[in-house]
Every structure is written in structure tokens, then in C-alpha cells.
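So the chains spell out like this:
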Amino acid sequence: FQQNRCNEYSPGNVLVSVNPPLLEISGSCPCVLPNKDTLVLCLDVGFSMSNSATGQEPPFQQAKKVIQKFVQRQVFAENKDELGLVLFGSDNTKNNLAKDDQYQNISVHRHLMIPNFELLEEIQNDVQPGSQQADWLDALVVCMDLLQNETLGKKYERLNIVMLTDLNTPSSPDQLDIIIGNLKRAGITLQFFLPFPVDGGGSNPPHGGKALSREQQQGLEMTKKVMMSLDEEDVTGVCNPDLSVFKRVEKRPMAWPCTLTIGSSLSIKIVGYKAVCEERPRKSWSVVDAQTHQKDDIKRDVVYCLNDDEETEVQKDDTIQGYRYGSDIVPFSKVDQDQMKYKTDGKSFAVLGFTKQSMINRHQFVGTQVLKVFAPKDDEHAGVALSGLIRALDDLKMVAVVRYVYARNGNPQVGAAFPCIKEKYECLVYVQLPFMEDLRQYSFPSLENNKKYTPSEDQLSAVDSLIDSMMLVEEDGEKKDLFKVNHIPNPQYQRLFQCLHHRAVNPSVPLPPMDPWLTTALQRPLAVATRCQAPLETLKKKFPLKEVVKKKELKTSKELFGNSCLGTGRSTSLAELFGNG
Amino acid sequence: MAEWNAYYQNEDEYVDRDEFEVDYKCAGRDSLVFLVDASKEMFIRGEDGEPSPFDMTMQCVHSVYTSKIISSDKDLVALVFYGTEQSKNPRNTFEHVYVYHDLDSPGARRVKDVDGLRGENGAQVADETMGSGKTNLVEALWCCSNLYSDVKLRLSYKRLMIFTCRDTPHRGDCERDRQARTKAGDLKETVVPLWHLPGGFDVSLFFCDVVSPPEDESELGLQMEPCGKLEDLRKRVRAKEMKKRSMARLNLCLGEGMNVAVGVYITVRQTKKPNAVKLYRDNNEPVHTKTRLYHTQTGSLLLPSDTKRAQVYAGRQIVMEKDEVDVIKKFSDPGLELIGFKPMERLKLHHHLRSALFIYPEEETVTGSACVFTALLRRCSERNVFALCKYTQIRNSSPRFLALVPQREELDEGQAQIEAPGFHGIFLPYADDIRNLDAPQLPTASDAQVDKMKEIVHKLSFKYRSDAFENPVLQQHYRYLEALALDPMAPEHIEEHIEDHTVPKVKMIDQCLGSLAQEFKDLVFTLASGKLGKEQYTEEAGGAEKKPKVEMSEDELRARVQKGTLQFGVKVTGTKKRELIDTLKAQLAK
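Cut-offs applied
Residues numbered from 1 in each chain as written. Chains lettered and ligands numbered in written order. Predicted model: local features only at pLDDT ≥ 70, side-chain atom pairs only at ≥ 80, totals over all residues. Heavy atoms only, no water. Helix = DSSP H or I, 4+ residues; strand = E, 2+ residues; numbered from the N terminus. Buried < 20%, exposed > 50% of the residue type's maximum accessible area, 1.4 Å probe, protein only. Contact = heavy atoms within 4.5 Å. Areas by Shrake-Rupley, 256 points an atom, 1.4 Å probe, with all protein chains shown as cover. Axes fitted to C-alpha atoms, helices over the stretch in contact; angles between N-to-C directions. Parallel < 35°, antiparallel > 145°, perpendicular 65-115°, else oblique. Left-handed = near helix turned anticlockwise from the far one by under 90°. Nonpolar A, V, L, I, M, F, W, Y, C, P; charged D, E, K, R; others polar. Expected span 1.5 Å × (residues − 1). Polar contact = N/O pair within 3.5 Å; in protein donor to acceptor, adjacent residues only side chain to side chain. Pairing = 2+ DSSP bridges. Right-handed = clockwise from strand over helix to strand, strands pointing away. Phe/Tyr/Trp six-rings, centres within 6.5 Å; stacked < 30°, edge-to-face > 60°. Lys NZ or Arg CZ within 6 Å of the ring centre and 35° of its normal. Buried area = accessible area lost by both parts, 1.4 Å probe. Salt bridge = Lys/Arg side-chain N within 4 Å of Asp/Glu carboxyl O. UniProt positions renumbered as here; feature names shortened; annotations may be inferred. Arc of directions from axis to C-beta. pLDDT = per-residue confidence, 0-100. Core = buried A, V, L, I, M, F, W, Y, C linked by side-chain atoms within 4.5 Å.

*Asks:* Explanation requested: the overall build of chain B in the structure shown.
*Replies:* Counting secondary structure elements, chain B contains 19 helices and 20 strands. Within chain B, the fraction of its 590 residues that count as buried is 52%. Sequence separation of 24 or more characterises 70% of the internal contacts of chain B that already satisfy a separation of 6 or more. Counting every atom, chain B has about 27,800 Å² of accessible surface; 48% of that belongs to carbon and sulfur.

*Asks:* Can you help me understand the packing of helix H8 (residues 457–469) of chain A against helix H12 (residues 533–542) of chain A in this one?
*Replies:* Helix packing geometry: the angle between the two helix axes and the distance between the axes. Residue and element names in this part refer to chain A. Look at H8 against H12: their axes get within 9 Å of each other, and the N-to-C directions meet at 155°. Our classification of the angle between H8 and H12 gives roughly antiparallel. In this structure, H8 crosses over H12, and the sense of that crossing is left-handed. Residue-level inspection shows Asp-458, Gln-459, Ala-462, Val-463, Ser-465, Leu-466 and Ser-469 of H8 in contact with H12, the latter providing Pro-535, Leu-536, Leu-539 and Lys-542. Across the contact of H8 with H12, the residue classes break down as six nonpolar, three polar and two charged.

*Asks:* What exactly am I supposed to notice about helix H3 (residues 136–150) of chain A here?
*Replies:* Residues lying three or four places apart along an α-helix face the same way, a consequence of the helix completing one turn every 3.6 residues. Residue and element names in this part refer to chain A. Along its 15 residues, H3 runs 21 Å from first to last C-alpha, staying within 8% of the 21 Å computed at 1.5 Å per residue. Taken across its 15 residues, H3 has twelve buried, putting it largely inside the fold. Within H3 the residues assigned to the buried category are Trp-136, Leu-137, Ala-139, Leu-140, Val-141, Val-142, Cys-143, Met-144, Asp-145, Leu-146, Leu-147 and Glu-150. N-cap assignment for H3: the residue whose side-chain oxygen lies 2.8 Å from the backbone N of Leu-137 is Asp-135.

*Asks:* What exactly am I supposed to notice about the pairing of strand E1 (residues 29–37) of chain B here?
*Replies:* Each regular strand carries side chains that alternate between the two faces of the sheet. All names here are of chain B. The buried count for E1 comes to eight of nine residues, which makes it a mostly enclosed element. Pairing between E1 and strand E4 (residues 155–164): eight bridges, direction parallel. Note that in E4 the partner of Val-33 across the bridge is Leu-160. Here E1 runs beside strand E2 (residues 76–82); their pairing, made up of seven bridges, is parallel. Note that in E2 the partner of Val-36 across the bridge is Phe-81. After leaving E1, the chain enters helix H3 (residues 53–71) and then returns to the sheet as E2, a path that is right-handed.

*Asks:* Is there a simple way to explain the sheet that holds strand E13 (residues 328–331) of chain A in this structure?
*Replies:* Whenever strands of a sheet pair, they do so through backbone hydrogen bonds, lying parallel or antiparallel. Within the open sheet, the three strands sit side by side as E13(A)-E12(A)-E8(B). Their pairing is antiparallel. The strands lining the two open edges of the sheet, one partner per strand, are E13 of chain A together with strand E8 (277–280) of chain B. The average angle at which neighbouring strand axes cross in this sheet is 50°, direction not considered.

*Asks:* Would you take a moment to explain the packing of aromatic side chains for this structure?
*Replies:* The description of an aromatic ring pair uses the distance of the two centres, along with the angle that the planes make with each other. All told, the structure shown has 28 aromatic pairs over all chains when counted by the stated rule. With centroids separated by 4.7 Å and ring planes inclined at 45°, the aromatic side chains of Phe-76 of chain A and Phe-497 of chain A adopt a geometry described as tilted. Taken together, the residues span a long stretch of sequence, with Phe-76 of chain A in helix H1 (residues 59–77) and Phe-497 of chain A in helix H9 (residues 491–505) at a distance of 421 residues. By relative accessible area, which is 0% here, Phe-76 of chain A ends up buried. Plain terms: the ring middles of Trp-256 of chain A and Phe-349 of chain A are 6.3 Å apart, the flat faces sit at 70° to each other, and that makes the pair edge-to-face. Highlighted residues: Trp-256 of chain A in strand E7 (residues 256–262) and Phe-349 of chain A in strand E14 (residues 348–356), separated in sequence by 93 residues. The pair formed by Trp-256 of chain A and Phe-349 of chain A is uniform in burial state, with each residue classed as buried. Cluster of aromatic residues (ring-pair linked, three or more members): Trp-256, Phe-349, Tyr-404, Tyr-406 and Tyr-430 of chain A. Taking the ring centre of Tyr-313 of chain B as reference, the NZ or CZ of Lys-283 of chain A above it sits at 4.2 Å. Seen from the ring of Phe-427 of chain B, Arg-354 of chain B lies directly overhead, with NZ or CZ sitting 4.4 Å from the centre.

*Asks:* Help me out: how do you make sense of the interface of chain A and chain B in this one?
*Replies:* Interface size is often expressed as the accessible area that is lost when the parts come together. Chain A puts 212 residues into the contact, and the matching count from chain B is 222 residues. Between chain A and chain B, roughly 21,500 Å² of surface is buried when both sides are summed, and carbon and sulfur atoms account for 60% of that area. By the criterion of area lost to chain B, the three top residues of chain A are Trp-285, Tyr-325 and Phe-444 of chain A, representing 5% of everything that side buries. Among the salt bridges present, the one from Arg-292 of chain B reaches Glu-313 of chain A, with a minimum N-O distance of 3.2 Å.

*Asks:* Explanation requested: the UniProt feature "domain: VWFA" (unreviewed entry) in chain A in the structure shown.
*Replies:* UniProt records the feature "domain: VWFA" (unreviewed entry) for residues 38–190 of chain A in the present numbering. Overall, residues 38–190 of chain A shows 35% helix and 21% strand. The separation of its end C-alpha atoms is 12 Å.

*Asks:* Which parts of the structure should I look at to understand the environment of Gln-297 of chain B?
*Replies:* Among the secondary structure elements, Gln-297 of chain B is positioned in the loop between strand E9 (287–295) and strand E10 (301–302). By relative accessible area, which is 60% here, Gln-297 of chain B ends up exposed. Within the structure, Gln-297 of chain B has its side chain in polar contact with the side chain of Asp-297 of chain A (distance 3.2 Å).

*Asks:* Whenever I open this one, helix H4 (residues 176–186) of chain A confuses me. Can you help?
*Replies:* Residues and elements named next belong to chain A. Among all positions of H4, only Leu-176, Ile-179, Ile-180 and Leu-183 are buried. The buried residues of H4 occupy one face: seen down the axis, they fall within an arc of 100°. Away from its buried face by more than 90 degrees, H4 exposes Asp-177 and Arg-185. Structurally, H4 contributes buried residues whose contacts are with H3, strand E6 (188–194) and helix H5 (214–230). In the segment just after H4, Gly-187 is the residue with positive phi, at about 70°.

*Asks:* Honestly, the confidence of the model for chain A in this entry has me stumped. Any pointers?
*Replies:* As a note on interpretation, predicted positions should not be read in detail where pLDDT is low. Residue and element names in this part refer to chain A. The predicted model of chain A has a mean per-residue pLDDT of 80, with 82% of residues at 70 or higher. Low pLDDT, under 50, characterises residues 232–249; the stretch is placed with 50 contacts to residues that sit more than four places away or in other chains. The low-confidence segment residues 553–581 (pLDDT under 50) makes 43 contacts with residues lying over four places distant or belonging to another chain.

*Asks:* For this particular structure, what's the right way to read the side chain of Thr-169 of chain A?
*Replies:* Residue and element names in this part refer to chain A. By the secondary structure assignment, Thr-169 is in the loop between strand E5 (158–164) and H4. Given the relative accessible area of 3%, Thr-169 is considered buried. Those residues in contact with Thr-169, other than ones at most four positions away along the chain, are Gln-133, Ala-134, Asp-135, Trp-136 and Glu-215.

*Asks:* Would you take a moment to explain the nonpolar core for this structure?
*Replies:* Proteins that are soluble and globular tend to have nonpolar side chains buried together. In this structure, Leu-539 of chain A together with Leu-254, Phe-341, Leu-388, Tyr-391 and Phe-401 of chain B are the most contacted members of the largest nonpolar core, which totals 101 residues. Tallying contributions element by element places helix H12 (residues 369–383) of chain B first for this core, with eight residues. With near-sequence residues (within four places) excluded, Tyr-391 of chain B lies in contact with Met-247, Leu-250, Val-264, Gly-335, Leu-336, Leu-357, Ser-398, Pro-399, Arg-400, Leu-402 and Phe-427 of chain B. Within the second largest apolar cluster, 41 residues are counted, among which are Trp-256 and Ala-382 of chain A together with Val-457 and Val-524 of chain B.

*Asks:* Teacher, can you tell me more about the pairing of strand E20 (residues 422–428) of chain B here?
*Replies:* All names here are of chain B. Among the seven residues in E20, seven count as buried, and that is most of the element. With three bridges connecting them, strand E14 (residues 357–361) and E20 associate as antiparallel partners. Of the residues in E20, the one forming a bridge with Leu-357 is Gly-425. In this structure, strand E17 (residues 400–407) lies alongside E20, joined through seven bridges in antiparallel fashion. Paired with Ala-403 across the two strands is Ile-426, which belongs to E20.

*Asks:* What's the story with unusual backbone geometry in this structure? I'm lost.
*Replies:* In most cases, non-glycine residues show a negative phi, while peptide bonds are predominantly trans. Residues and elements named next belong to chain A. You will see that Tyr-103, though not glycine, has its phi angle at about 50°, which is positive. Its relative accessible area of 17% is what places Tyr-103 among the buried residues. Located in the positive-phi region is Glu-311, a residue other than glycine, with phi close to 50°. With respect to the helices and strands, Glu-311 occurs in the loop between strand E10 (298–306) and strand E11 (313–314).

*Asks:* Would you mind showing me how to read the confidence of the model for chain B here?
*Replies:* Residues and elements named next belong to chain B. The share of residues in chain B with pLDDT of 70 or more is 73%, and the mean pLDDT across the chain is 78. Mean pLDDT across the elements of chain B ranges from a minimum in helix H1 (residues 2–7), with 31, to a maximum in E20, with 97. Contacts of residues 564–576 to residues separated by more than four positions or lying in other chains number 21 contacts, the stretch itself having pLDDT below 50. Scoring the predicted complex yields pTM 0.77 and, for the interface, ipTM 0.79.

This is the structure in C-alpha cells:
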């Protein structure tokens, strides 16, 4: 919640593309912000929140999911951010400002605390729709009061309030300017999640939805006013469809300062950063005793055994180390080991030469990361020099082949530094290239020169129609990409945290099925799936496929292919269908 | 891999088994027999001082031996000579056949043996030990076939390569030719790609009948071209000596009911230094480890079923069964599922996570696969699109997305395959795998600066080849091991240094650049409105030869310091110069 944003949680809305799938959790990255954030979730539980058009999930349920996802993410991120929860429209009243008939049906459910599983349990079990209504502006004031009182004397990076409401209560706008002034003064940012689209003034009913009530239209106007006065940049887009709203907490990039050298006389100061790298979860599983669930009840013991029939145990002290050299095993001492080791002087980013980009095969990249290389941020000369290199390489369609050493006595790499020129910055993109020992030069039988496999024109055009129908990037206009892998959170971790969350609050219940949004996110987009039906049918007719069942391997091939993908059961019947024709 | 280890640090059994490791126990061992002609003709050097065919062959064998040790040390290799004077074979039943190494995994001794057969000396050694005599290929083939049958291990892949420069080994003795053909016919299962050496070799005279038909008729062309150069020979031997092994056979699902069978291969993969093995001190025999779990309180042995798995978050321990932990990773059954297609320019260069895969059809599993595959390959290539697929490698592995990039077959002038036909599977990053960086705002270079850099780039441009760089770490490791294996007492004597191509040839680069480097630096400093010091550029700049020698007596120096006329003709930065002079003054003031 870095900026004031107005979002809604209705799936399929026009203006904001923040759907629940994007509310990703990420336990993989520790929070590295210098100071902690604090945030109050302000949830409307009033009776109108339970109303919904038939077949649609009530706004309350949608809002609850958003909150659960968010809190879940915070819990697994294990940062120090504090969180409060205020309910309004609740049957009870519990807040500091409540007096006489003021601030009724607003309940501070949880004061500012680091979120934990107890909170998740409470949200799951205790937060239920109420039968009352409350003014959302009153609720906002309660939240501000909460923030003010409970952050006194503490240091916070940011103060945030997140409102989840359908705005379906009459509210008095007379205090609006004062409230805005206070928000500004306290430096509180505000974010709205609404169950309907926000543009068009609210007079047009959202597709399939109900038209907005008078209260909602009035509330929306007020919302816009608040948002505009808080953040002028957001005037036009009240809701910015930026996906970073629920972005994972970032790992602070580790700088790798070094010097790019070309021979002995040309050196440019550089800083490298990991730009792409497989992210792994921070925590691992430990083994615990099945009964007591205690880790300390288990001890792991490693014993060394001779390769004789008795598997005679020997002491660790009676073993030495050795290396295999083909059929030989060579014992070696510490001295040998030190002598054997390849030594490097220190970090290095030394140019070995330059070559055409076309000489570098994309499919021969090795290593597990990509570095982006910049000049140090306050070094203009290095900036200009590096820019000269980047632009020269870009114009010539060439790359620098460099020797890369991460640190003293690190293993040297040979890699390619590609020029990369973006609107806002320039850099080199470094990728490791293979050594001779890494390559396996297999040759495979020719496909296109083999008459048996040569497709007919007819078959080729069937493939063409399939490709046409399955293009994920639409050619017309903005070239929208329907399936961006780099926008999908790693499903493994989403699923892991879903299960951890579930087990933490329901210890004895079996694990839940996969979140539907996750399954959907990993599938062929619906539009494409529909579009390709007919071309696919044609393709099936043009290309008969027949599974070869070898008697000997019957079982294994069943195991291997029996259940895979969308089922071979169908492909078998297909083979029967087309086997004759 | 550090992070990987960190992830699994306290859980050995969770270290995922090497995804790419082929199960050799199941598959059996590969075996390769080099059958080398040792007749007089083989020892004749080429006209331009080129090594003799025998010498070239030994270099090839040597490089196969060493590369086997590095990449697949379980494979078996044999070296057999025919056309020798002496005979040496297991039962000594074959004449003029000399089994130099029988089928076994290569070690240091064998590498040294083959090394001894290289060059002028090698020719002499060969002459002394084996000599050149009559040729009987029939006997030689018999002998080789016995070598295979004598091996007790299960062999998965048998290859026999014949190296010769004589296209009529029996000089027109039709009877012998006929017998050799028959014997080669018997060996069909195991034999025989052929590696013949230069000199107007006519395959049709005899050898075309000895060579078994290739796995596929289309491969025929590749092997029949005689191969003259050592580099080519080496390359072809390399390409042929390893069995293509698929790491997985999967279905490429184009849509419901449309499953194409494909094999997944690794064509590039980082070869790491192998782990050390533990040996028993008394006899240097390897030991193995067993891991046991004990109950701390009762001391009783625990079965895996007596344990569960746990993680702690927000102070709460969350416990799961091991099965649950595994099954959480499961999304779909192993396979490749087509999502759609994208134009090639959507594949970003920097979207790289790990080495790519190679996908090739498995016609033997699903008939018709190769045809669809070929059609898809051709149209994707012609339309410049890639296929986006969801990839599940094994049971209980979570999905990754691959860009399947079409690769059409490419041949060199000699009809040898440079690029195999198929799809390269490029791993694509998820949102979590991409880090947001704050790029610094810095001035950019002017055209003049860029142009000067272009001159530098031109001067230092070369033709990159992916097999041009050996891994110096591995090479050094094995070089030492080889030496230690041969002479355990004298590791210190290993003086031989490997040639490390990853180290820049600084002198050569400096020479090539000449004044260009200085010119570029001048441009950077004059044109940029630099507020910063020049140190970083000038520090290492200049080089020794540019610095005029400043030699003067202490008295002269003292006089100059006093007059304040001390000057250096060296381009040193302000601060540095200041410091230098200050130090000097301080010193002389004493």
C-alpha cells in the first residue's frame, strides 16, 4: 500500500484489473524496509454487504477473502509490520469515540499488533456479517484515531488505512474537509476496495451487476474527492491498475561492485545486480517426532561402512578423502587439496573480446542467474564510459565476452554481456555461457528430410490455423499479452502457503484443494481455449496419432502416459477412430 | 547452488535428486571399442607436416578417454589394433589383433598409455610393441565381439568405431572381404559407425557394407563423408561416442485428445567438479554412509513413518505428514501442455533461469508424433513464433513454463549436423524470480564517444565458439588427479600448468588497442562535464612504458624540493601527485 489507490474487489470489473489472483503471498522474501509499516483494515460488515445479485459472491465474502489473503501474506512474510482491524456495521460497538449515539456499530476488533495465526482464526471464525449499518466516514475517523493513539512515540515508515465497503450507507459529507486535512497532516495513506467499477459516474450498471444506489453514488463522489485531494497524481485514474498493490515484499538487491576491464589500460567502475534468479522459500521443513511434534526428540546419526558383506562400521576418524579419476580413486591430503584448487585473484569482469550477438546461442545459456550491470550511481564518468560501450555494442549488434569471477577464489565463468537500452536506463545484461565440458553435441535424425515425416500442405495449413487461434499476443492495437508468465506468482509457493495457513488454523483437517484462481492462472486462457476448439478438431483429423503398445513395456508405458496431461484414454479412442483412416 | 543447499540445509532427504541424472543402474553401461588400423600406411605423415593418421587417431582416443573420465566415468572403453605384427588378445586365438586395452572404465594408467602412443615417440612405441603386419579384419571383428561378451556388466549401448586410412584392407581378397562383411553383419546389433581418415578414401570399395545401417536412414549421409582434419574427426567422435539419453519421455499435449510423444534431452549442462569420496584409511577403499534416525529420549531407531515435517511461522509450529509435503508440490501429471503461441520478440533475453532443454519427437511411442512435430516445428520457425508450454517434469514437481523455440536442422559443408532439429525449451521466470532494481540515473555517451568505442570493439572482435573455452577449474582438477594417480608420492612435481583461456590476454589486447584506449578516455573526460576525479581511469592507465623514468640524485631532488620546482612528467592524478610530493617532501625535510 504505497500509494493512495482506490481498488475494488469485484472480479471482471473494467477499470481495475486487480483480481484476487494477484493478491499473492510470498513468504520467500524478508522485509528489508528500514522501518515498519502499520496498517488498519477497515471492513464493512453492514447488512448491505451480504446482498448480491444471484450467482455472485456477496461483497462481504469477497472483502473477507481479500483480508485473509493479505493477512496471510503478512504472517508468512514474518516482518514487523503491525496491523489493526476495525469492523463497522457490526452489531456491537467498541471504540474510543463512541459516546451517546455517536460512532455506534463500529468495533475495533483488533488493536495494532503484528499479525499472527490467532488473527487469521478470528477472521475465519468470528468476523461475520452484521445486521446493522454504520457511516463509513465515521469508521474512517475511528481508524485514524486508532492509528494516532497507538503509534504515539513509535517510529513508522508508513501509516495506511484500507477501506473495504460497498459505500451503501448514507454518510454525512460535512466533516469531509476536516477529515482530509487530518489525513494529510498525519501522513496517512488511504486505499479503497469497492465491489463495483468506479468510472462512468456510477450511473451505468456494471455488467451483470445492479445499478448503484443513491448512497453508493454519493459515497463514490466523496471517495473520489478524498483520493484526489490526497494524491494529486491519481486524479485521472482514481484507480491505478498497477499490479504492484499486493506485490510481494522485495528482497533488497545485493550490489556487486567491480571493474569492467578491457586490457590493462581501460577500466570502468561497475555495479552488478541479480536481475533474474529462481527464488526459493526462506524456510525449510524440519523433521519432528510424529507423536510429540518435537524436533529435539530426533537425532540424526551418520555412520560409515565398508563395502564388505557385513557392512562393517568404521569410525569417521579412520576415513580420508579421495577423488575419482575414472576407474582410479586418488586419496589426497589437505595439502593436495589446496594445491589442486584453481586459484583466482579476486573479482573480475574482464573483457576477453567482442563477438556478434548471432554467435551466441540463447539455448546454450548456462548458470542460474542473470546480472544487470550499471555504473555506480554517483559516478558520471563511469556512466558515460559504460554508456559508450553499451551503445557501441547495440549499434554493432555485438556482445562482450567476459571472464566473470564473483569473489576471490570463486570459480571463473565465461559469459556474454549484452547491451540493453531502455527508455529510462542503459545496462549490460550478463549471462553465463557454457564451457566445452558442458556441451553434449548430440546429433538427431533429420526430420524435414525424412519422407515419412514430411507434412502435406493440408497438414501444414491445419497447424497454421491452430497457431492463429492460439496466439496469446493480440496483433490489433495495443498488442495485449494474454498470458504473462512473469506476472504469475510461483504457484508452488502460493500453494505451500495456502496449505500452511490451512493447517495452522485447522490442525486436524485434511489439506484443502487448490485455490481455483491458481488453477485458472496456470491454464490456457479461456478466450484462447474457446477459439482453438475447431482448429484442434481439424488437427486431430489431419494427424492420426497411434500409441504404440509394446507388450513388454505395457505396464510402464501405462504408468508413463496413462494419466498424463489431458488423458490418454481419449488419445487411445482417438487412435481407434483414426486408425483406419 | 549455494541457495539450494541453504534451502535444504537441515534436511538431507529433501535434497531433490539430481533432476538430470540418468539412472545408469537401470540403463546399463555404455561401451565403446576403438578398432584402429596399425598398418604401415597409418604412420605416414601428411605432406604439410600434418600428423599421421595414427597420431590423429591417438589424439582422438586420448580426448575421448579424458572426457569420459570427466563426464561419464562409468562407461567402458576398449582400444584394439588390427594389422599388427604381434598378437595379444584374451585367449590369443586371433592373429594380428592386439588388444591394447580391454573393455573397462578408463583411468590414469590408460590415459598415460594412450598419451605414450602419440607423436613421433608414439609411433616408435607402437612399432616396438605391436609392429605392422598382415590385415585380417574378420579376426579383429571377432575379437571385438568377444570383448563385449566377456563383460559381465549389463551393456546398454555398444559402439565400435573403425579408424583406418585404407579403403581396401584386404587388398582385393574377395574371400576375406566377404567374411568380414558376414561378421560385421553378425555384429549388426552392436556396430559400427566408421571413422575413416584422409587420402581419397572410397567408401564404396568395401566399408559401406561393413558399416551397419544407421539408426535412421537420414543419418547415412553424415557418416559417409570422409573426414580429414583432426578437429573434425574429434568433433564427430565426440558427437557419436555418447548415447543420446532422454531424461524423460513425455506427452506434449496440444489440446484435449491430442498427445504427441516427445523425449526431453539435455544438450548443455554445467559439469561440476565431482564430490570427494570417503575412503577407509587402512586400505583406501571407498566407504559408504548410512543415515539413521534415533529417538533422543529412548534411543530407539526411528522409521521414516515415526516422523513428521514441521515449519514455524509467527510462533506457531505447523506440522504435516511427509506425504502431504510431497503432494503439495503436485499440480498436474508429468507432461508438456501447450498454452499458446507468441511472437519470438516476446521472448526476453534476460528471462533465463537454468539451462535449456531439447525436445525431439518419440515416434516409437506414439506413431504420427514425428509428423505433427515436424509440421509444428516448420510453421513455428517460418512464422517466427514460439510455443508456450506448461512443463511438469516428474510426479510431484510443480509446474514451470517453457518457451519452446523452434530449431531447424543445420548442416555444415561436410554434411555434419551443427544444429539438430527440435524445440529448445527455455525456462521462463515467475513474478517471484524477477527482482526490481533501481537503475541509476546517469548521463549517456555522445556519438563521438560511441564511435570511438566502436573502434575498440572492432579491434577486439573475434568469432566466438561455444566449445572454445575449457573449464580451467575442471581441467586443473583432473590434471592433478591424473598426476597423483600415476605417482602418488610426488604431487609437488606437478609443474605443468593448464592453459587458461578464460584469462584475458592483456598484452595482446593492449597492443591491439594501441592509442585507442587513451583516446576514448580523453573523450570521456573532455566531453563529459566531469566534476569527479580522474583517478579511476588513470590509476591503471598509462602502463609502465609510458611513464618516463625519473631518475635524479637525492641532492638534486632536495634542491628541487627546496626551490619548489619538483615536477613529474608522469600523468598522475591531482591527489595522488599531491600525496606523492608531500610524502617526498616530508621524507627529505628530515
